[in-house]
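# Tertiary structure, described
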Amino acid sequence: MHRSAPRLTRILACAAVPVMLVVAGCSSDSDSDKDKASASSPSSEATKSEPKVAAAKFAELPDPCKSISAKTVKSLVPSAKTKAGTEGKSSDTAVRGSCSWNGLDDNGVKGSQYRWLDTGFTRFASDQALGSGADRAGDDLTKQIAKVKATEGAKKVVTAPVSGIGETATLVTYDLEKTGEDFRYATVLARTGNVVVTLTYNGAGYAGSKTPSAEKITTGAKTGARDAVASVATANEAPKTSASPDAPKSSGKPSAKESGKSTAKATDKSSAKASDKAAE
């Protein structure tokens, strides 16, 4: 009996060791997992979503050949060969479109006057990687202005800001010799929302007729540009809903027939109650 007691003590001690090691091991693994989770979890700054770009203002482009009113076309190109305009080719009319008018007003021995009118539209969508439609349109506007100013052969190039046309607009005027005649050009480049509008108007005199004045060409270009910019907003207006002309209009008051029926029902009920009382 005396020898078995120490032996039992040794057995219990050895049996306890693995248990302690297991517990210690579990505790260590748990702490390690917590550390890994803490290291892999994104910080509060990283979890914040990136700011979204503003939505594009305009989703549609106008019909380019209807963007300039018939009255304006008649005024700027009185002898237009195609009054409805000639639409330019586009691989995606939802993104870009253009239309032009031209004609020669022949006055016989008094000479002739030639006019050309052209309008173009480019729409930019908002993109998380590229930026908002308005910003992208602004960048393109800057490029287009530089391109017009660098027109080959252009003389007396003048650039000036224009107010009252879109959100921002620039007028570029210059002279250019073509077909042996002096042409006078005026181009208005404007941004309205996420759309860039470009309108060019030019003219020349033939057979001894004088070159149109810079003021006349400039005024015409601004008039056409106002029409073109306004057409963008019009193209994106929500369609107006109206009630069918055949649908009956409700005045909120009962009709004469309904009033008559209500009165008759009330009279019948009163008479019935009176008869019941008399019978009692």
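Everything in this summary refers to the structure shown in the same document.

What counts and what doesn't
- Residues numbered from 1 in each chain as written.
- Predicted model: local features only at pLDDT ≥ 70, side-chain atom pairs only at ≥ 80, totals over all residues.
- Heavy atoms only, no water.
- Buried < 20%, exposed > 50% of the residue type's maximum accessible area, 1.4 Å probe, protein only.
- Helix = DSSP H or I, 4+ residues; strand = E, 2+ residues; numbered from the N terminus.
- Pairing = 2+ DSSP bridges.
- Phe/Tyr/Trp six-rings, centres within 6.5 Å; stacked < 30°, edge-to-face > 60°.
- Contact = heavy atoms within 4.5 Å.
- Axes fitted to C-alpha atoms, helices over the stretch in contact; angles between N-to-C directions.
- 1 Å grid on protein atoms, 1.4 Å probe; cavity = no way out; pocket = protein on both sides within 12 Å on 5 of 7 lines; lining within 4 Å.
- Points joined across faces, edges and corners; volume = space filled by probe spheres on them.
- Expected span 1.5 Å × (residues − 1).
- Arc of directions from axis to C-beta.
- Core = buried A, V, L, I, M, F, W, Y, C linked by side-chain atoms within 4.5 Å.
- Disulfide = S-S within 2.5 Å.

### Considerations on the pairing of strand E3 (residues 112-123)
Burial analysis of E3 places ten of its twelve residues in the buried class, the great majority of the element. Pairing analysis gives eleven bridges linking strand E2 (residues 96-106) to E3, with the strands arranged antiparallel. Each bridged residue has a counterpart across the sheet, and for Gly97 the counterpart in E3 is Phe121. Counting the residues in the hairpin turn of E2 and E3 gives five residues, including Gly108, whose phi is positive at 65 degrees. With twelve bridges connecting them, E3 and strand E7 (residues 195-206) associate as antiparallel partners. Bridging across to E7, Asp118 finds its partner in Thr200.

### Some thoughts on the packing of aromatic side chains
Counted according to the given criterion, the structure contains three aromatic pairs. Plain terms: the ring middles of Tyr114 and Phe183 are 6.0 Å apart, the flat faces sit at 70 degrees to each other, and that makes the pair edge-to-face. On the criterion of sequence distance, the pair formed by Tyr114 in strand E3 and Phe183 in strand E6 (residues 181-192) is long-range, its members being 69 residues apart. Residue Tyr114 shares its accessibility class with Phe183, and that shared class is buried. Plain terms: the ring middles of Phe183 and Tyr206 are 6.4 Å apart, the flat faces sit at 80 degrees to each other, and that makes the pair edge-to-face. Here Phe183, found in strand E6, pairs with Tyr206, found in strand E7; they are 23 residues apart in sequence, far enough to count as distant. Of the residues examined, Phe183 reaches a relative accessible area of 3% and is grouped as buried. Residue Tyr206 is classed as partly exposed on the basis of its relative accessible area of 23%. Members of the aromatic cluster, connected to one another through ring pairs, are Tyr114, Phe183 and Tyr206.

### Quick notes on unusual backbone geometry
Phi is positive for Lys156, close to 55 degrees, though the residue is something other than glycine. When you line up the elements, Lys156 lands in strand E4 (residues 155-162). Its identity is not glycine, yet Ala207 carries a phi of approximately 55 degrees, on the positive side. With respect to the helices and strands, Ala207 occurs in the loop between E7 and helix H5 (214-235). With a relative accessible area of 58%, Ala207 lands in the exposed category.

### Brief notes about the sheet that holds E4
With antiparallel pairing, seven strands are arranged side by side in an open sheet as E1-E2-E3-E7-E6-E5-E4. Edge positions in the sheet fall to strand E1 (86-87) and E4, since each has one partner strand and no second. In the packing of H5 onto the sheet, contacts are made with E3, E4, strand E5 (168-178), E6 and E7, and the angle to E7 comes to roughly 150 degrees.

### Overview of the layout of surface pockets
Think of a ball as big as a water molecule: rolled over the atoms, this probe shows where empty space is left. When its volume is computed, the largest pocket comes out at roughly 240 Å³. If you go around the largest pocket, you meet 14 residues; those closest to its centre are Gln144, Lys147, Val148, Leu189 and Thr198. Mapped by element, the contributors of at least two residues to the lining of the largest pocket are E3, helix H4 (133-149) and E7. At five residues, E3 tops the list of elements feeding residues into the lining of the largest pocket.

### Concerning H5
Along an α-helix, a turn takes 3.6 residues, which lines up residues three or four apart on a common side. In this model H5 runs 32 Å from its N-terminal to its C-terminal C-alpha over 22 residues, within 8% of the 32 Å that 1.5 Å per residue would give. Buried residues of H5: Ile217, Thr218, Gly220, Ala221, Gly224, Ala225, Ala228, Val229, Ser231 and Val232, and no others. Buried residues of H5, seen end-on, are gathered within an arc of 165 degrees and therefore sit on one face of the element.

### Re the pairing of E4
Side-chain direction in a regular strand flips from residue to residue, so the side chains alternate between the two faces of the sheet. Bridge analysis of E4 against E5 gives six bridges, and the strand direction is antiparallel. Paired with Pro161 across the two strands is Thr170, which belongs to E5. Taking the residues that link successive antiparallel strands as the turn, the E4-E5 hairpin has five residues, and the phi of Gly164 there is positive, at about 85 degrees.

### Focus: the nonpolar core
The nonpolar side chains of a soluble globular protein tend to be buried, and buried together. If you look at the biggest cluster of nonpolar residues, it comprises 29 residues, and the most contacted ones within it are Ile68, Trp101, Leu117, Phe121, Ile165, Val195 and Val197. Going through the elements one at a time, helix H3 (70-76), E2, E3, E5, E6, E7 and H5 are the ones with two or more residues in this core. Here this core takes six residues from H5, the largest share from any one element. Discounting chain neighbours no more than four positions away, the residues touching Val195 are Phe58, Leu61, Phe121, Thr122, Arg123, Ala137, Ala190 and Val232. Counting residues in each nonpolar core, the second largest holds 14 residues, with Tyr114, Ile145, Val172 and Phe183 among its members.

### Here we look at the state of the cysteines
Tallying each qualifying case throughout the model produces one disulfide. There is a disulfide in this structure between Cys65 and Cys99, and the S-S distance comes to 2.1 Å. A torsion of 95 degrees about the S-S bond marks the disulfide between Cys65 and Cys99 as right-handed. Of this pair, Cys65 sits in the loop between helix H2 (44-47) and H3 while Cys99 sits in strand E2, placing them 34 residues apart in sequence. Summarising the burial analysis for this pair, Cys65 and Cys99 share the class buried.

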